[in-house]
Amino acid sequence: MAIKQLSVFIENKQGKLSDAVKVISEAGIDMRAMSIADTNDFGILRLIVSDIDKAKTLLSEDTVVNVTDVIAVKMNDKEGALYNILKVLEEANINIEYTYAFTTHEVGAYVVFRVGDVAAAEKALTDKGFELATEKDI
Amino acid sequence: MGNYFQPEIETASREKIIEIQNEKIVKQVKHVYENVAYYRNLMDEKGVKPEDIKTIDDIKKLPFLSKADLRDAYPYGLLGTDLKDCVRIQSTSGTTGRRVVAFYTQKDIDLWEECCARAIVAAGGTNEDVCQVCYGYGLFTGGPGLNGGSHKVGCLTLPMSSGNTDRQIQFMMDLGSTIICCTPSYAAFIGESLKEKGYKPSDNKLKAGIFGAEPWTEEMRKQIEESLGIKAYDIYGLTETSGPGVSFECEEQTGMHINEDHFYAEIIDPETGEVLPDGEVGELVFTSLDKEAFPLLRYRTRDLCVLTRKPCSCGRTHVKMSKPKGRSDDMLIIRGVNVFPSQIETVLLNEGYAPNYLIKVGRENNTDTLDVDVELLPEQFSDKVSDIQAKEKALEGAMRTMLGIGPKIHLVPPKSIARSEGKAVRVIDTRKLHD
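Asks: Lay out the overall build of chain B in plain terms, naming residues and giving numbers.
Replies: What chain B contains, in helices and strands, is eleven helices and 21 strands. At 22 Å, chain B has a C-alpha radius of gyration in line with the 22 Å of a compact globule built from 435 residues. Structurally, chain B occupies a C-alpha span of about 70 × 60 × 40 Å along its principal axes. Here chain B, with 435 residues, has 58% of them falling under the buried criterion. Contacts spanning at least 24 positions in sequence make up 66% of the contacts within chain B whose residues lie at least 6 apart. Of the roughly 17,700 Å² of accessible surface on chain B, a fraction of 51% belongs to carbon and sulfur atoms. A gap of 1 Å separates the mean positions of the 54 positive and 66 negative side-chain charges of chain B.

So, in structure tokens, the structure goes:
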């Protein structure tokens, strides 16, 4: 089950990240997961939040945002857990654009993937018995 | 007193120069009126006939030509001869509207090269010199002009073109270059590279440099002279009139002698078009007195400067122009290349971007830098870094094709570039270009 990720374009300048995070914080939106890809010029802030529509509307006032489908795979706290997931994706010929991980107190660790083919990745992983997060889970 | 390439004309009396100009202007106006329909129409509109031009003073009666006319007449509208009589074109960079394509007959080339030869001799050049030309070759006039001048003087000519500094230095050292011709910023860069390689200014055989195609300050002159151990001379020109060599500095280094037997200079008020007296700052206007293929009359250069006819210690009698003190339009000169903000805007629109941009020009390590902030549209955004970087690269490529130089593109969020009530601030130029 794919979940929605918000991607936010941020200039690589002092204060720009905190400006964006402040908007989310003041709106009372819960940030579940976060990652940043950065270059000299700009960064892309990737967020999984409790109210994606509201966050999108608010952040769009200052910059460009988009919503992307990503998959979040539940990970056991065991050696080789990530490798086992990657192996499934590789065998299914699924290209990974980027990935990051997060943990929650309630349900443990998740690894998030942005993949070329979401449906194929979901199928390959569920066929092998992996548990994918839904919007509700996180 | 110095050396001259053509002493008779370079040191001719004022009376003699005026006599030559009187004779040439009558012939040239007739040539243009008969062969260039575009200018004939301008003259007819103004009610001026070739017979009205009897002396050089009558030039005031003629209409001006501007860059807009060159655009309207592109490419052949200002051609003064049959194409079969032309042997060369040279061109500036830019979009169709901004690009200047100038035509030359063999005689035009010869006279142009003679002008460059005068500049080389004024800088101390003789047939014993090794002249390293590191202006760009090709459509740009810098390389071909100085190359031709160097041949006319009889120097051993090194047609290096620009770039590849390691190779420039190797040739300079191995072949003992004595004269170097390039943009002043490239000269400064070569000076620094020599120092980095552990060379002292006395290690090279250079004695003089001829630098032009972009504005530079006295401070920069001093720096170049010290780092290369040379005397640095300024040279001026524009593709519209021929190229470098329209005017050049002598050993006095207090302004550039205009080759008045070929180019008649006026200073005008850029607002009213009124001719200003010597000593006043205004826009420089050139008339080519004997060009055949591209004979521009009263061409407005947009360069602001001052003319002086005070006698010069070098013995040359030709009028001197100051270094340009600025522009009366928004043209930027970046690494010797003419860039208009409107060209950048055109590329943005062609590539599907909004015309919201900020051009930032600076100078690092004596090289001009060009950065352009461009607003990203929501539909252009991607969550993948590689997608956005590919967009920047593609835009840089499109800019390079149009401008002739590649800026660094920075995509920024929409609405992040300040809007202003009146005229938008499109350019921030932090270089010190004028004294």
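The structure having been displayed, the exposition proceeds.
Asks: Kindly report on helix H2 (residues 52-59) of chain A, identifying the contributing residues and their values.
Replies: Residues and elements named next belong to chain A. Of the positions making up H2, those classed as buried are Ile 52, Ala 55 and Leu 59. Buried residues of H2 fall within an arc of 65 degrees about the axis and therefore sit on the same side. In H2, those exposed residues whose orientation departs by more than 90 degrees from the buried face are Asp 53 and Thr 57. On its buried face, H2 sits against strand S1 (3-11), helix H1 (16-26), strand S3 (42-49) and strand S4 (65-75).

Asks: I'd like to hear about the packing of helix H3 (residues 81-91) of chain A against helix H4 (residues 118-127) of chain A, residue by residue, with values.
Replies: Angle between the axes and distance between the axes are the two parameters that describe a pair of packed helices. Residue and element names in this part refer to chain A. Close contact between H3 and H4 brings their axes to 9 Å; oriented N to C, the two are set at 125 degrees. When the interaxial angle is binned, H3 and H4 end up oblique. In the crossing of H3 with H4, the sense of the turn from one axis to the other is right-handed. Here Ile 85, Val 88 and Leu 89 of H3 lie close against H4, whose contacting residues are Ala 121, Ala 124 and Leu 125. Split by residue class, the contact of H3 with H4 holds six nonpolar, no polar and no charged.

Asks: Give a detailed account of the side chain of Glu 11 of chain A, specifying residues and quantitative values.
Replies: Structurally, the position occupied by Glu 11 of chain A is in strand S1. Residue contacts for Glu 11 of chain A: discarding those within four places in its chain leaves Lys 16, Asp 41 and Phe 42 of chain A together with Val 412, Pro 413 and Ser 416 of chain B.

Asks: Explain the nonpolar core to me, and be specific about the residues and the numbers.
Replies: In this structure, Tyr 39, Leu 62, Leu 284, Phe 286 and Met 321 of chain B are the most contacted members of the largest nonpolar core, which totals 50 residues. The contacts of Leu 284 of chain B, once residues within four sequence positions are left out, are Tyr 236, Ala 265, Glu 266, Ile 267, Tyr 299, Arg 300, Thr 301, Arg 302, Asp 303, Cys 305, Leu 307 and Met 321 of chain B. Ranked by size, the runner-up nonpolar core spans 30 residues in total, among them Val 64 of chain A together with Tyr 353, Leu 376 and Met 399 of chain B.

Asks: Which residues make up the side chain of Thr 157 of chain B, and what values go with them?
Replies: Residue and element names in this part refer to chain B. Here Thr 157 shows up in strand S4 (residues 156-159). Its relative accessible area of 16% is what places Thr 157 among the buried residues. A polar atom in the side chain of Thr 157 sits 2.7 Å from the side chain of Ser 150. The residues contacting Thr 157, other than those within four sequence positions of it, are Cys 131, Val 133, Asn 147, Ser 150 and His 151.

Asks: Can you lay out the layout of surface pockets for me, pointing to particular residues and giving the numbers?
Replies: Residues and elements named next belong to chain B. The computed volume of the second largest pocket comes to approximately 320 Å³. Lining the second largest pocket are 14 residues, with Lys 24, Lys 27, Lys 107, Leu 289 and Asp 290 sitting closest to its centre. For the lining of the second largest pocket, the secondary structure elements donating two or more residues are helix H2 (14-35) and helix H5 (106-122). A per-element tally of the lining of the second largest pocket places H2 first, with eight residues. Here the lining of the second largest pocket is built from residues that sort into three nonpolar, two polar and nine charged.

Asks: Please provide a residue-by-residue account of unusual backbone geometry, values included.
Replies: Residues and elements named next belong to chain B. Looking along the chain, the bond that leaves Tyr 74 and enters Pro 75 is cis, with omega of -5 degrees. Topologically, Pro 75 is positioned in the loop between helix H4 (67-73) and strand S1 (86-91). Phi at Arg 302 takes a positive value of approximately 70 degrees, unusual for a residue other than glycine. Tracing the sequence through the fold places Arg 302 in strand S12 (residues 299-305). One non-glycine residue with positive phi stands out, namely Arg 335, at about 50 degrees. Mapped onto the elements, Arg 335 comes out in the loop between strand S16 (332-334) and strand S17 (337-339). Residue classification places Arg 335 among the partly exposed positions, given a relative accessible area of 33%.

Asks: Before we move on, can you summarise the sheet that holds strand S9 (residues 256-258) of chain B with the specific residues and values?
Replies: All names here are of chain B. If you walk across this open sheet you meet the nine strands as S4-S3-S5-S6-S7-S8-S9-S14-S13, and the pairing is mixed. The sheet is open, and its two borders are formed by S4 and strand S13 (307-308), each paired with just one other strand. Taken together, the two bridges between S9 and strand S14 (residues 320-321) define a ladder with antiparallel strand orientation. Residue Met 256 lies in a different strand from S14, and its bridge partner there is Met 321. Set on the sheet, H5 makes contact with strand S5 (179-182), strand S6 (208-212), strand S7 (231-237) and strand S8 (244-249); between it and S8 the angle comes to about 20 degrees. In this fold helix H9 (residues 218-228) packs onto S6, S7 and S8, with an angle of close to 130 degrees to the strand it touches most, S7.

Asks: An account of the domain arrangement of chain A is requested, with residue identities and associated values reported.
Replies: All names here are of chain A. Domain boundaries assigned for chain A yield domain 1 (3-68) and domain 2 (70-127). Here the C-alpha centre of domain 2 lies 22 Å away from the C-alpha centre of domain 1. Across the boundary between the two partners, domain 1 contributes ten residues, which contact seven residues of domain 2. Each partner contributes to the roughly 790 Å² buried at the junction of domain 1 and domain 2, and carbon and sulfur atoms together form 61% of this total.

Asks: An account of a nonpolar patch on the surface is needed here, citing residue identities and associated values.
Replies: Residues Leu 17, Met 34 and Ile 36 of chain A make up a contiguous nonpolar surface patch of roughly 240 Å² in combined accessible area. Note on placement: Ile 36 of chain A falls in strand S2 (residues 31-38).

Asks: Break down the interface of chain A and chain B for me, citing the residues and quoting the values.
Replies: Counting residues at the interface gives 22 residues for chain A, matched by 20 residues for chain B. The three residues of chain A that bury the most area against chain B are Phe 9, Asp 41 and Val 64 of chain A, which together make up 34% of that side's buried surface. Applying the counting criterion to the chain A and chain B interface returns three salt bridges. Lys 408 of chain B is the partner of Asp 41 of chain A in a salt bridge, and the nearest nitrogen-oxygen pair spans 3.8 Å.

Asks: Explain the pattern of salt bridges to me, using residue names and the numbers behind them.
Replies: Residue and element names in this part refer to chain B. Applying the stated criterion across every chain yields a total of 42 salt bridges over all chains. Glu 249 is the partner of Arg 221 in a salt bridge, and the nearest nitrogen-oxygen pair spans 2.8 Å. Taken together, the residues Arg 221 in helix H9 and Glu 249 in strand S8 connect sequence positions 28 residues apart. On the basis of relative accessible area, Arg 221 is assigned to the buried category, the value being 3%. Relative accessible area serves as the criterion here: at 2%, Glu 249 is assigned to the buried category. Across the pair Asp 303 and Arg 327 runs a salt bridge whose closest N-O atoms are separated by 3.0 Å.

Cut-offs and rules
- Residues numbered from 1 in each chain as written.
- Chains lettered and ligands numbered in written order.
- Predicted model: local features only at pLDDT ≥ 70, side-chain atom pairs only at ≥ 80, totals over all residues.
- Heavy atoms only, no water.
- Helix = DSSP H or I, 4+ residues; strand = E, 2+ residues; numbered from the N terminus.
- Rg over C-alpha atoms; globule rule 2.2 N^0.38 Å.
- Buried < 20%, exposed > 50% of the residue type's maximum accessible area, 1.4 Å probe, protein only.
- Contact = heavy atoms within 4.5 Å.
- Areas by Shrake-Rupley, 256 points an atom, 1.4 Å probe, with all protein chains shown as cover.
- Lys, Arg positive; Asp, Glu negative; His and termini not counted.
- Charge placed at Lys NZ, Arg CZ, Asp CG, Glu CD.
- Arc of directions from axis to C-beta.
- Axes fitted to C-alpha atoms, helices over the stretch in contact; angles between N-to-C directions.
- Parallel < 35°, antiparallel > 145°, perpendicular 65-115°, else oblique.
- Left-handed = near helix turned anticlockwise from the far one by under 90°.
- Nonpolar A, V, L, I, M, F, W, Y, C, P; charged D, E, K, R; others polar.
- Core = buried A, V, L, I, M, F, W, Y, C linked by side-chain atoms within 4.5 Å.
- Polar contact = N/O pair within 3.5 Å; in protein donor to acceptor, adjacent residues only side chain to side chain.
- 1 Å grid on protein atoms, 1.4 Å probe; cavity = no way out; pocket = protein on both sides within 12 Å on 5 of 7 lines; lining within 4 Å.
- Points joined across faces, edges and corners; volume = space filled by probe spheres on them.
- Pairing = 2+ DSSP bridges.
- Domains from an automatic or database assignment.
- Buried area = accessible area lost by both parts, 1.4 Å probe.
- Patch = residues over 30% accessible without salt bridge, like charges linked within 9 Å, V, L, I, M, F, W, Y side chains within 5 Å.
- Salt bridge = Lys/Arg side-chain N within 4 Å of Asp/Glu carboxyl O.

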